[in-house]
Amino acid sequence: MRKRKIQRKNLLLIFLIFFSLFISGIFLYLIIEEQRGSQGERYHQEAIRIYEECLTPQDANCYEKKFKELARARGLDFAEQTLYKLWDLDETTRRCHVIAHTIAKEAVRENPEKWKDYFKNVNYSTCSTGFLHGVMEAHIGDDPDFELNSKVINELCFDTDDFYRKHNCVHFTGHLFMVQYEGDMKHALDGCEGVNEDLTKRCYTGVFMEDSFPLALVEHGIRSKLPNRQGSDFIAKQEARCTQYEGDRAISCWTDMGENYGVFFDNPQKVYDSCSKTPSGATMKNCFMKATGLFAIHPAYSTNEKLIGICLPAKNDENLFRSCIGNMISSLLYYSPNFSERGVKLCSSLDGSYGNSCFDQLKRQIAFIAGDELEREKFCRRLSPKHKYLCRS
């Protein structure tokens, strides 16, 4: 009898212990959720402040300046999360590569000892790897004693199996070579030689892009100002530059011209016509793909008619047309999960097999970028119930 009473007491004690742990767990969960909610509200309020202060800016770079200040004061993560809240207030901020670049660069400059942690963990699947590039420039580009070479690139950029990360890490080293060699393109291009996995031309493209739009060179005082890319003299000069190169360097140079043509013409058909005059099929395709990816995220190309018109110049070349659609989907989703709406709009505007293929690509791309269900939900939170399936595994 006594033994049974002891067993009952033990069972009661065990029950009370587990019940206490269960209740504690619930309270802890509620506290964490409350903190998460209040933190989210702080991001939201900060985004509203920045949005309102930049509504009627005297300076076209208002957002970059505000986020530079925010990153310096509150750190990379706070500024990054605030940017994501801003996407819902101002669609133009989804074209966030330069803003993300600014945030990460300033955060590393404030805490240079944290650069490895930032480089390893920064979000590279949004803003077209702007955060990753910002970390790299602040650590490598700002240090006059740091010597960039192919050995360093192979150690720095190939520490992962993620092709997209490797691809864009190598690309930005081309920009950094231009800083290291003070705008000397020959030395910068030669510096790209020896990069692993046939990604040398990604480095070349970075060199040519920095030559055309020298953000890093201007910031480091190597060039005095940014060029007017809407001037015909600028286009003629950059075209003449590209005629000097052959092979992969030519492909990379004409890839950069795709962006220049996009800015100059702001018209997919005229870009297609100009890219068609380049030396080869490879230069033509890379030139046109570069422009279509940028048109896809442009605020002026948000309607069904405008979106479908981006790839329409390639309608007589089925392979190029399908590549163009896939390129637009990739560009949209690697800039912002909010652009999934625009992806649905694009796919819904395509007939038959083109539309089905587009939706398949959209679903696969979301799954590739966002590995778990919670991350995928970010891509579908603004979609209609009809299209929520795109985020299911």
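Up top is the structure these notes are about.
Residues numbered from 1 in each chain as written. Predicted model: local features only at pLDDT ≥ 70, side-chain atom pairs only at ≥ 80, totals over all residues. Heavy atoms only, no water.

## Things to note about the overall build of the protein chain
Phase 1: Looking only at helices and strands, the protein chain features 20 helices and 0 strands.
Phase 2: The principal-axis extents of the C-alpha atoms in the protein chain amount to approximately 100 × 55 × 45 Å.
Phase 3: Every one of the 393 residues in the protein chain was classed for burial, and the buried ones make up 48%.
Phase 4: The contacts of the protein chain with a sequence gap of at least 6 include a subset with a gap of at least 24, amounting to 66%.
Phase 5: Surface accessibility of the protein chain: about 20,300 Å² in total, with carbon and sulfur atoms responsible for 52%.
Phase 6: For the protein chain, the distance from the average position of its 52 positive side-chain charges to the average position of its 54 negative side-chain charges is 9 Å. (Helix = DSSP H or I, 4+ residues; strand = E, 2+ residues; numbered from the N terminus. Buried < 20%, exposed > 50% of the residue type's maximum accessible area, 1.4 Å probe, protein only. Contact = heavy atoms within 4.5 Å. Areas by Shrake-Rupley, 256 points an atom, 1.4 Å probe, with all protein chains shown as cover. Lys, Arg positive; Asp, Glu negative; His and termini not counted. Charge placed at Lys NZ, Arg CZ, Asp CG, Glu CD.)

## Description of the packing of aromatic side chains
Phase 1: On inspection of all chains with the given rule, the structure shows 11 aromatic pairs.
Phase 2: Here Phe208 and Tyr245 contribute two aromatic rings whose centre-to-centre distance is 5.2 Å and whose plane-to-plane angle is 70°, an arrangement assigned as edge-to-face. Of the two residues, Phe208 sits in helix α10 (residues 200–212) while Tyr245 sits in the loop between α12 (232–242) and α13 (247–265), which places them 37 residues apart along the sequence.
Phase 3: Owing to a relative accessible area of 0%, Phe208 belongs among the buried residues under this scheme.
Phase 4: Among the aromatic side chains, those forming a connected cluster through ring pairs are Tyr261, Phe264 and Phe265.
Phase 5: Taking NZ or CZ as reference, Arg74 lies 3.9 Å from the ring centre of Phe78, over its face. (Phe/Tyr/Trp six-rings, centres within 6.5 Å; stacked < 30°, edge-to-face > 60°. Lys NZ or Arg CZ within 6 Å of the ring centre and 35° of its normal.)

## Quick notes on the packing of helix α2 (residues 62–74) against helix α3 (residues 76–86)
Phase 1: Relative to each other, α2 and α3 sit at 145°, their axes nearing to 8 Å. Seen from α2, the contacting residues are Tyr63, Phe67, Leu70, Ala71 and Arg74; seen from α3, they are Phe78, Ala79, Thr82, Leu83 and Leu86.
Phase 2: Split into classes, the residues belonging to the contact of α2 with α3 amount to 8 nonpolar, 1 polar and 1 charged. (Axes fitted to C-alpha atoms, helices over the stretch in contact; angles between N-to-C directions. Nonpolar A, V, L, I, M, F, W, Y, C, P; charged D, E, K, R; others polar.)

## Focus on the environment of Ser353
Phase 1: Among the structural elements, Ser353 can be located in helix α19 (residues 352–369).
Phase 2: Side-chain polar atoms of Ser353 contact the side chain of Arg322, separated by 3.3 Å. (Polar contact = N/O pair within 3.5 Å; in protein donor to acceptor, adjacent residues only side chain to side chain.)

## Digging into unusual backbone geometry
Phase 1: Positive phi outside glycine occurs at Ser128, with the angle close to 50°.
Phase 2: Looking at the secondary structure, you find Ser128 in the loop between α5 (115–121) and α6 (130–141).
Phase 3: The phi torsion at Asp266 lies on the positive side, around 50°, for a residue other than glycine.
Phase 4: Structurally, the position occupied by Asp266 is in the loop between α13 and α14 (268–275).

Any functional reading would require information beyond the geometric quantities listed.
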